[in-house]
Structure formats: structure tokens, C-alpha cells
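Below, each chain spelled out in residue letters.
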Amino acid sequence: MVMSARRNKIEQSCRRHLGSGKTGKVVLALSGGADSTALFRALLGADIEFEAAHCNFNLRGEESLRDRDFVADLCARHCVTLHLAEFDTRAVMQKGESVEMACRRLRYDFFRQLMAESGFTGLVVAHNADDNAETFFLNMLRGSGTTGLRGMQEVSGNIYRPLLPFSRQEILEYLASLGQDYITDSSNLSSDFRRNFLRNEVFPLLRSRWPGFDQAMARTIEHIGSENKIVEEAVAKSLPEDGRFLPLTAIENFADPKTLIYRFISPLGGNFTMAGEILESLRNGTPGKVWQLFESETAITTQAGLRIVAKEEDGLPKPDDFIWEKFEGKDIKWEEVFNASSSEIWVAETPDRFKWVYPTPDSYLRSLGMKGRQNVWKILKDNGVPHVLRARYPLLADVETEEIIWVPGMKRSRSLLLSGSEPTLYRLRMLLPGC
């Protein structure tokens, strides 16, 4: 009775996720090991229509051929269509890529291609509760946050894991109840790989000391997963929709600014250490610092926040990034005028009084609030603009006198100031965020 109930639970999990045509046409990743073979039988027992896919990485000689033949025979006996991929794994490994990484890349590339070409809408994989605990530990050792520590999910996009609630021991007992054999990958018996070391060396030791280890791990992963949903919801409300600019106000108003920055840059390859450096740069008021993300993207700090800039861009403001606006007396809010941010300038003269120019090492600004003149080149340097980019930074100048009136995002001149009694004003402001 106990075995029958467990069998029913495993097959019910398959029905819950995949039954009644919920997912359309699905394919099972079938290695022939205990987990995937159990899932193969559970899908049959739950009357789920599926096909199978097997990858032969040709890494273990005759044993690899044995695995392939076992899977082919299993599918043939149960009239399940099998899709087979053969790889010369070592020949196609990329520079710096481990065997584990190469197999994962080849496997999922094959699955994606198969799903696209054959119209599969779901991929079914045989991860179990033990796998989830191993993933938790591996991510913890990498210094992961709650997203990594929450472990795998039973449903993640179009990937389904019906065995995730069940331990490896429960799965072995399920196979035994069916009289179903399976194959054992000899490489799993070696502790050379990180995951195998946890599985073969660390976990048995923990179980011997703490008999409730597996149940405690499952509860911990569940709790972290629940709390991570709260974090994700809070982050989603604070992150910009376009994903290219994160305002400083949003960063400082978030409960943990470093986490918000990390969630902003992590999809582009940013890490938590980088997020801390970016936060320090923003708080120290040192704009213009650059962090390399993926090959084609960089993160640049500005006075207004953090910008993501494509490789072919330089992150500098362009004349087309600005717009002139006209305000009549009744529409002028003088408190806004006199408290204008560095990303805008108010003047009483018409726009045709001004032009865009570019700085030279001898360009100067009669800075508001200061005596004498400041070298514009130094202003740009102090605000983090790299030397090679300074000659391309646009400056607003007076057409008549050639005097520089404004260094956008940084400082304005004390020339052409307002008295507060002008009937008409013009505002020049940046359209693009962050400069």
C-alpha cells in the first residue's frame, strides 16, 4: 500500500503539471539513468503523451553506446518516439569551458533546436529534491543571493520538473515497484566533479549527523523561494521598463540599494561585487565610471543614476538629446527655475541665441557661484569623462560672444542669469536620462 501510494504521488505530479493537454506537445530529456527512466515510466503511467530525446556525448567509450542502446530499446518497447543527438564533445569544447559546461551547452542547444523544429511546447526534465539540495549548496559556495538559493522550480518557463518534490531514494523505490531497470553512469561514482563530491561525500556525512537533513533542506529551499518572490516583486516595481537607465532616486529609495543595482545589471552579466562598486561611485558623486558587462554592454555612472550603454555608444550626451521649451509668465514656476537640476538650463533669450560647440583643452567657463574661470577640460575630468571622450562632449555657447554658457549635467555660467521678472522663459533640458 505504501509503495502504491508513492507511485500514485509521482504519477499524480506528472498529471498535475502535464495532464489534460495543459502543455501541448512535450519532449522528455532521457539519459537512461534512474531519474529520467523513472520519469519516463511515470509519464506513461499518467497517460501523458510525450516523445524522448537523448544526447550521446561520446565521452565514456562503450558505456556511452550502452546508454544510447538502453534508451533506444526502452522507447521502442513502449512505442515512444526517440530523438537522438551524437556529439564529439571534446572536439567542440570552447576555450575555458569544462566538460560539464560543454555537455550542458550542447544538451540545451539540442533541446532548443528540437523544440523549435518539431513544435514541442514543453521540455520535461528529471531533476529531483536531491538535485535541488546540491544546486543550493553549489550556488551558496558561489556566493549567490536568494535567486540562486531558492533552487530550481517545478515549472520554469517551458521547462517542467515533476520529480522535484521527490528524493532520489523515493525515485529508486518507485522504479523497484515497477521492476524497471536503469543504467548507472560510472562518472557519477567519481567525486572529481563538484556536484558528485557533494552527492557522494558531503551529503552522506550530513545525513549521518543530522537524520532530518533532507527534510530541513527542502523546507529551507521552499522558504527562500517564498521570500525571493517578495524581493522580486519589490525589485520589479523599482526597475525601469526600458532596462537602460536606473535613476539615482530609485536606488536611494530602495530598501537595499545594492540589491536593486545587482538585479538591474545581472541580466547583462553584472555581479554583486560590481553592484557595490557602482553604489559607492554614485554615492561619492563620481560620475563617468565604467563597468564592462557582456561584451557589447557597459554600465556608466552619471549624476542622475546608472546607464547601460551599448559598445558602439560612448555614453555622452548628444545635441539631439536636448529639447527647447517655451514658458509664458503665467506658466512659470520660479521655484523650479531657481532650483533647476544640472540636466536643464533656463534662459530669457530665444534658442537662436545659442549654439552647440565642443571643448578644447583651452575652453573655459565662468562658473556660477565661483570667481574667475574654470577650465572645461578639468570640469569634464572631475566628472569622470575619459580623456579620449572630452573633445566630443557638447557645450552650450552664446552665438554672439562665443562664451560657454553650460556644461550639460555639470555646471552653468554666471552669464545670462535671470532676474525673476522675465515675462517669457526658455528651458533647454535633456531628453535622454542619466547624463
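Residues numbered from 1 in each chain as written. Predicted model: local features only at pLDDT ≥ 70, side-chain atom pairs only at ≥ 80, totals over all residues. Heavy atoms only, no water.

Participant: Explanation requested: the side chain of Thr424 in the structure shown.
Facilitator: Its place among the elements puts Thr424 in strand β19 (residues 424-430). Within polar-contact distance, the side chain of Thr424 engages the side chain of Glu328 at 3.0 Å. Residues contacting Thr424, with those up to four places away along its chain left out, are Lys326, Phe327, Glu328 and Ala348. (Helix = DSSP H or I, 4+ residues; strand = E, 2+ residues; numbered from the N terminus. Polar contact = N/O pair within 3.5 Å; in protein donor to acceptor, adjacent residues only side chain to side chain. Contact = heavy atoms within 4.5 Å.)

Participant: Hey, could you run me through the sheet that holds strand β7 (residues 245-247) in this one?
Facilitator: Pairing between the strands of a sheet is mediated by backbone hydrogen bonds and can be parallel or antiparallel. Read from one edge of the open sheet, four strands run β7-β10-β9-β8, paired in antiparallel fashion. Single-partner strands in this sheet number two, and they are β7 and β8 (290-292). With direction set aside, neighbouring strand axes in the sheet form an average angle of 20 degrees. Relative to strand β10 (residues 305-310), strand β9 (residues 297-301) is paired through five bridges, and the arrangement is antiparallel. Each residue of the ladder has a partner; that of Ile300, found in β10, is Arg307. Where helix α13 (residues 272-283) meets the sheet, it contacts β8, β9 and β10, and its direction lies at approximately 170 degrees from that of β8. (Pairing = 2+ DSSP bridges. Axes fitted to C-alpha atoms, helices over the stretch in contact; angles between N-to-C directions.)

Participant: Where do I start with the state of the cysteines in this structure?
Facilitator: The term disulfide refers to a covalent linkage connecting the sulfur atoms of a pair of cysteines. All chains considered together, the criterion is met by zero disulfides. Among the cysteines around Cys79, which has no disulfide bond, Cys75 carries the closest sulfur, lying 10 Å off. As a non-bridged cysteine, Cys103 has Cys55 as the owner of its nearest cysteine sulfur, 8.9 Å distant. The exposure class of Cys103 is buried, given its relative accessible area of 10%. (Disulfide = S-S within 2.5 Å. Buried < 20%, exposed > 50% of the residue type's maximum accessible area, 1.4 Å probe, protein only.)

Distances and angles like these do not, on their own, reveal function.
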